[in-house]
Amino acid sequence: MDLDKFKVHGEPLIYGAMVSIALATIGIIVGLTYFKKWRYLWREWLTTVDHKKIGVMYILAALLMLFRGGVDAMMMRLQTAAPEMKFLDAQHYNEVFTTHGLIMILFMAMPFIIGLMNVIIPLQIGARDVAFPRLNAVSFWLFFFGAMLLNISFVIGGSPDAGWSAYFPLASIEFSPTVGNNYYSLALQISGIGTLITGVNFIVTILKMRAPGMTLMKMPMFTWSVLITNIIIVFAFPVLTVALALMMFDRLFGSQFFTMANGGMDMLWANLFWVWGHPEVYIVILPAFGIYSEIIATFSKKNLYGYTSMVFSMLIISLLSFLVWAHHFYTMGQGAMVNSFFSITTMAIAVPTGVKIFNWLFTLRKGRISFTTPMLYTLAFIPIFTIGGVTGVMLAMASADYQYHNTMFLVAHFHYVLIPGAVFAVIAGFYYWFPKVFGFRLNERLGKHSFWWIVISFNVTFFPLFFLGLMGMTRRMYTYSEETGFGPLNMLSFVGAVGLAIGFVLLVYNIYWSTRYMPRDETNDPWDGRTLEWATHSPMPVYNFAIVPKVKTRDALWSAKHENIPLYDDKTITKIHMPSNTGKPFILGVIFFFLGFFLVFSMWIPAIVSGIGVIIMLAFMSFDQDSGYYISVDEVKATEKKLMRGETV
Amino acid sequence: MKIDASKPLEYSTEENSNKIFGFWVFLGAEIPLFATLFTVYFVMVNRYASGPSGSELFEIGPVLMETFLLLTSSFTIGLAVHAMRHGYKKAMMVFMAITLLMGLAFVGIEIDEFFTYVHEGATLQTSGFLSSLFVLLGTHGLHVSFGLLWGIGIMIQLWKRGITPATANKTFIFSLFWHFLDVVWIFIFSFVYLKGLM
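Quick caveat, the model's predicted, so the values are computed rather than measured.

Definitions and cut-offs
Numbering of residues starts from 1 in each chain and follows the order in which that chain's sequence is written. Chain A is the first chain written and ligand 1 is the first ligand written, with later ones labelled in order. Owing to the predicted nature of the model, reporting of local features is limited to residues with pLDDT of at least 70; listing and counting of side-chain atom pairs is limited to 80 or more, with chain, interface and lining totals taken over all residues. To get the side-chain values, all heavy atoms of the structure are used, and hydrogens and water are removed first. Secondary structure is summarised from DSSP: a helix means a run of H or I of at least four residues, a strand means a run of E of at least two, and numbering begins at the N terminus for each. Per-residue accessibility, obtained with a 1.4 Å probe over protein chains only, is compared with the maximum for each type, and a residue is labelled buried under 20%, exposed over 50%, and partly exposed between these values. Residue-level accessible areas treat just the shown protein chains as cover; the underlying method is Shrake-Rupley with a 1.4 Å probe. Between the two quantities, the radius of gyration covers C-alpha atoms and the globule rule is 2.2 Å times the number of residues to the power 0.38. By definition, residues are in contact when any of their heavy atoms lie within 4.5 Å. In this charge count, Lys and Arg are treated as positive and Asp and Glu as negative; neither His nor the chain ends contribute. Think of each charge as sitting on NZ of Lys, CZ of Arg, CG of Asp or CD of Glu. Axis lines are fitted through C-alpha atoms, for helices just across the contact stretch, and the angle between N-to-C directions can take any value from 0 to 180 degrees. Here the angle decides the label: under 35 degrees means roughly parallel, over 145 means roughly antiparallel, 65 to 115 means roughly perpendicular, and every other value means oblique. Take the far helix as your reference; a near helix turned counterclockwise from it by less than a right angle gives a left-handed crossing, and one turned clockwise gives a right-handed crossing. Under the convention adopted here, Pro, Cys and the residues Ala, Val, Leu, Ile, Met, Phe, Trp and Tyr are nonpolar, Asp, Glu, Lys and Arg are charged, and Gly plus all remaining residues are polar. We call a set of buried Ala, Val, Leu, Ile, Met, Phe, Trp, Tyr and Cys residues a nonpolar core when their side-chain atoms join them within 4.5 Å. A 3.5 Å cut-off defines polar contacts: any pair of N or O atoms within that distance qualifies, except that in protein one atom must be a possible hydrogen donor and the other a possible acceptor, and neighbouring residues in sequence count only when both atoms are side-chain atoms. Joining two parts hides part of their accessible area as seen by a 1.4 Å probe, and the buried area is that hidden amount summed over both. Salt bridges, as used here, are contacts in which a Lys or Arg side-chain nitrogen is within 4 Å of a carboxyl oxygen on Asp or Glu. Two rings from Phe, Tyr or Trp (for Trp, the six-membered ring) form a pair when their centres sit within 6.5 Å of each other. Planes less than 30 degrees apart are called stacked, planes more than 60 degrees apart edge-to-face, and all others tilted. Look at NZ for Lys and CZ for Arg. If either is within 6 Å of the ring centre and within 35 degrees of the ring normal, a charge sits over the ring.

Draft legend 1. Seen up close, the overall build of chain B. Within chain B, the regular secondary structure consists of 6 helices and 0 strands. In sequence order, chain B lays out its α and β elements as α-α-α-α-α-α. Summarising its shape, the C-alpha atoms of chain B cover approximately 65 × 30 × 25 Å along the three principal directions. When each of the 198 residues of chain B is scored for burial, the buried share is 53%. Looking at chain B as shown, the accessible area adds up to about 8,800 Å², and 71% of this sits on carbon and sulfur atoms.

Draft legend 2. Broad picture of the overall build of chain A. What chain A contains, in helices and strands, is 20 helices and 2 strands. Computed over its C-alpha atoms, the radius of gyration of chain A comes to 25 Å, within 12% of the 26 Å expected for a compact globule of 649 residues. For chain A, the spread of C-alpha atoms along the principal axes amounts to about 70 × 60 × 45 Å. Expressed as a percentage of the 649 residues in chain A, the buried residues total 59%. Partitioning the intrachain contacts of chain A with sequence separation of at least 6 by distance along the chain shows that 81% fall at a separation of at least 24. When the accessible surface of chain A is split by element, carbon and sulfur atoms take 70% of a total near 25,200 Å². Distance from the positive charge centre (43 side chains) to the negative charge centre (35 side chains) of chain A: 11 Å.

Draft legend 3. A look at the packing of helix α6 (residues 180-208) of chain A against helix α1 (residues 14-44) of chain B. Two numbers describe how α6 of chain A lies on α1 of chain B: the axes approach to 9 Å, and their chain directions differ by 130°. Compared by their axis directions, α6 of chain A and α1 of chain B come out oblique. Our pair here, α6 of chain A against α1 of chain B, has a crossing hand that is right-handed. Only Glu14, Ser17, Asn18, Phe21, Gly22, Val25, Phe26 and Ala29 of chain B of α1 of chain B make contact with α6 of chain A, whose side of the interface consists of Leu196, Val200, Ile203, Val204, Leu207 and Lys208 of chain A. Its residues assigned to classes, the contact of α6 of chain A with α1 of chain B shows 9 nonpolar, 3 polar and 2 charged.

Draft legend 4. Expanded view of the nonpolar core. Residue and element names in this part refer to chain A. Core analysis: the biggest nonpolar cluster contains 259 residues, and Trp269, Trp360 and Phe424 have the highest contact counts within it. Looking at this core, the element that brings in the most residues is helix α14 (residues 408-438), giving 22 residues. Ignoring any residue separated from it by four or fewer positions in sequence, one finds Phe424 in contact with Tyr292, Tyr377, Ala380, Phe381, Ile384, Ile419, Ile454, Val455 and Phe458. Core analysis: the second largest hydrophobic core is formed by 8 residues, Ala546, Ile573, Ile576 and Val636 among them.

Draft legend 5. Examining the side chain of Ser159 of chain A more closely. Residues and elements named next belong to chain A. With respect to the helices and strands, the residue Ser159 is situated in the loop between α5 (133-152) and α6. Ser159 sits in the buried class, given a relative accessible area of 0%. Among the polar contacts listed, one links the side chain of Ser159 to the side chain of Ser153, at a separation of 3.2 Å. Discounting residues that sit within four places of it in the chain, Ser159 has contacts with Glu95, Thr99, Ser153, Phe154, Thr178 and Gly180.

Draft legend 6. View of the interface of chain B and chain A. Listed by partner, the interface residues are 35 residues for chain B and 36 residues for chain A. Counting each side, the surface lost to burial between chain B and chain A is near 3,000 Å², with a carbon and sulfur contribution of 72%. The tally of links from chain B across to chain A stands at 0 salt bridges. Connecting chain B to chain A are 9 residue pairs in polar contact (both at pLDDT 80 or more). Looking at the side of chain B that touches chain A, the elements with two or more residues in it are α1 and α5 (128-161) of chain B. The element that contributes the greatest number of residues to the side of chain B that touches chain A is α1 of chain B, accounting for 17 residues. For the side of chain B that touches chain A, the per-class residue count stands at 17 nonpolar, 13 polar and 5 charged.

Draft legend 7. Broad picture of the packing of helix α4 (residues 89-119) of chain B against helix α6 (residues 165-197) of chain B. Residue and element names in this part refer to chain B. Contact pair α4 / α6: the axes reach a minimum separation of 13 Å and the direction vectors enclose 35°. Both α4 and α6 take part in a crossing whose hand is left-handed. Across the interface between the two elements, Met92, Met96, Thr99, Leu100, Gly103, Phe106, Glu110, Glu113 and Tyr117 of α4 pack against Thr171, Phe174, Trp178, Trp185 and Tyr193 of α6. Counted by class, the contact of α4 with α6 contains 9 nonpolar, 3 polar and 2 charged residues.

Draft legend 8. Layout of the packing of aromatic side chains. Summed over all chains, the structure comprises 92 aromatic pairs over all chains. Centroid distance Phe222 of chain A to Trp433 of chain A: 5.0 Å. Interplanar angle 40°. Geometry classified as tilted. Taken as a pair, Phe222 of chain A in helix α7 (residues 221-253) and Trp433 of chain A in helix α14 lie far apart in primary sequence, 211 residues in all. Each of the two residues, Phe222 of chain A as well as Trp433 of chain A, counts as buried. For the pair Phe106 of chain B and Trp185 of chain B, a centre-to-centre distance of 5.0 Å together with 90° between the ring planes defines the contact as edge-to-face. Highlighted residues: Phe106 of chain B in helix α4 and Trp185 of chain B in helix α6, separated in sequence by 79 residues. The pair formed by Phe106 of chain B and Trp185 of chain B is uniform in burial state, with each residue classed as buried. The positively charged end of Arg441 of chain A is found above the aromatic ring belonging to Trp527 of chain A, 4.9 Å away from the centroid. Over the aromatic face of Trp558 of chain A sits the side chain of Arg530 of chain A, whose NZ or CZ is 4.4 Å from the ring centroid.

Draft legend 9. How the structure looks around the pattern of salt bridges. Residue and element names in this part refer to chain A. Within this structure, the stated rule accounts for 14 salt bridges over all chains. Of the charged contacts, one joins Glu44 and Lys53 as a salt bridge, the two residues approaching to 2.7 Å between their closest N and O atoms. Residue classification places Glu44 among the partly exposed residues on the basis of a relative accessible area of 31%. Of the charged contacts in the structure, one is a salt bridge between Arg68 and Asp72, with a shortest N-O distance of 3.4 Å.

Draft legend 10. Up close: the environment of Leu418 of chain A. Residue and element names in this part refer to chain A. Examined against the element boundaries, Leu418 turns out to sit in helix α14. Given the relative accessible area of 17%, Leu418 is considered buried. Distance in space between the C-alpha atoms of Leu418 and Asp72 is 17 Å, their sequence separation being 346 residues. Not counting the four nearest positions on each side in its chain, Leu418 is found in contact with Ile105, Val284, Ile285 and Val423.

Draft legend 11. Molecular detail of the environment of Lys195 of chain B. You can see Lys195 of chain B is positioned in helix α6. What makes Lys195 of chain B partly exposed here is its relative accessible area of 47%.

Draft legend 12. Spotlight on the environment of Trp274 of chain A. Residues and elements named next belong to chain A. By the element assignment, Trp274 lies in helix α8 (residues 266-300). For the pair Trp274 and Phe329, spaced 55 residues apart in the sequence, the C-alpha separation amounts to 9.4 Å. Beyond its immediate chain neighbours, meaning those up to four positions away, Trp274 contacts Trp164, Ser165, Tyr167, Pro279, Trp325, His328 and Phe329. There is a polar contact of 2.7 Å between the side chain of Trp274 and the side chain of Tyr167.

Laid out in structure tokens, this is it:
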């Protein structure tokens, strides 16, 4: 074994990161010991199978990753803020933009959405839990340890440096000899398996565990969007699994899939990557559409306009998402016929998306609109996302794309799509559902401050990039000379990035402030909600609903409140079956982490030992006979009484 | 746990029927997985650089043996599930054992085949064609090997706990998995070996 491989040389920033990681770890360990919280942490969080807590952990991890990816973004904007900047060197810049993309898409946007769906979906469909609660914990820990594996790459061995799309031959061992892309293949593989399991789990949950009476066409729009998203996950993620495995074989075992000689084919990677990668875009955007639909209906006090067309447009988008992948490489020599086909399918996506935009606008029409923070994000989303969509159609035209390809125009386009389309949505959803989980609202004044910082700075950051792209600034360029004239717009963009950072810091400050000072919510339904999640207590008991509601209309709770259609036929409480906690998913995640780490450094013997460890853990899980426990009727009644009085349980 | 006596044991609780449905969804994910591997193989099939091609490498004998073993084992796992539905624990265990033994023989022949290839100088590193061949066959073989461990685990549980809603459910899901491997093998047999031999 060669210890030298672990070292990352020469950068004061990296030493700084090492020190801060070490200090944070020591701080956490000392803090937990000092406040005697180890037991609490293990009992209540690390071993939990409760979908609400798993969701909260997903969101916490996603917020952490938002800041990690955000620091990467700040470093990039600073490096390009002025010509001939000396802040980062080329290699370090490569690593920074690679991890920025990876982390923001796979370890921030997606887990944030999976976190929200974990918290909300069972509540929205009137279920007591997801279909497979323990598997849900496995999903979370695989995601979490995959993310951690990628994060340690910065200080141990070096980060991936071939872009988030890791095109071959650039990402091959020949051109990228550090362990960075080993981390890429293994970290993504581990968390990807977790995501696939989530996909299976939620398809079963939504199709099989809805409250009686909730037919498919009575499901809330967020549930619909999550169902479609998970179907995309189940069909797209196996492609990533294969692509990453082939990458690992090429890099670790010298196979010839993507090489330049011996029959390898580098374009194969581009195809496999984007067959997964383009549906992935919709995996993060469709749930956002669901979140916005809920928020617009709630804060306009109207039912959603064009429900059926909303559902069908999402189905069409999901189908088309698999038919557009080659638009990511029009310029890589695939001929006019192929380019035309992908050009047309790509532009076709704009149609169902446009349908959705109009449906939201018609929902707003004549509504009694209240401008709460989640609603502000939603209203800002519509025009900004439209700019992203229109520039997307510009890029979709194959012939014109030869001009924009790989320029900052593209960078501006996908930030205009993904930030309103995913980031605003998860923040809006976070504000909207926060009182459901914690029993109090986030401060509206701070929320709006943060909103304006984020929305204005977002435009200041990314709008100049359209012009930089048209001026010919290519992306992933770590520096440029003064004569190019890129300087002023880049500086403006950097100023915007600082504003964005302030906005996100304010968001976190709001969480802190509201936890301390916001009054506790007594009504359980602070927004006058329409769907079932607001029909139970905030925060909800572990069993979600003491009595499972009967659904008769689309917005079941709204009908119960305003149209006198009762939610319950029968109010008898029966005993409730719940799954018991288990530490095995957490341990499995830890072992997977070590397996990945040893493989990254080609340490075969410990890797084999960890592999056997994985199999042993799976066997343990299979032999486990714990079939959960029952909450007795008396216990449920006592809990309900307490919750009615506004106490927490 | 509410048990619905009108349904077969493996479907008799809500959890059980969810698990079976969930496994079908999982098999839904296995289809794109193998489809991708097949696509990679088809892209690579003529890219054998300086290494051997399929027609130089493949031998029909062991492959027919593998096919016979796997197809028959798919039949015997069906018999095991049939015995389970009648509550014949002993017969069920015997059929499962036969299934696993045939699976083991299959893996044995495949490993032997791999050794022969490597001995003839056809390795994972030789060409794009061989890389894709080894990874496609290897993924299937790994699934079978994993199935062996899984099956042994279920047999131990059956032996200790008898035919219960839980063990019946596991056996049934295992049988779905085993049939699926068989289907994948038919594609490998037809499009890798038979086509390669032509």
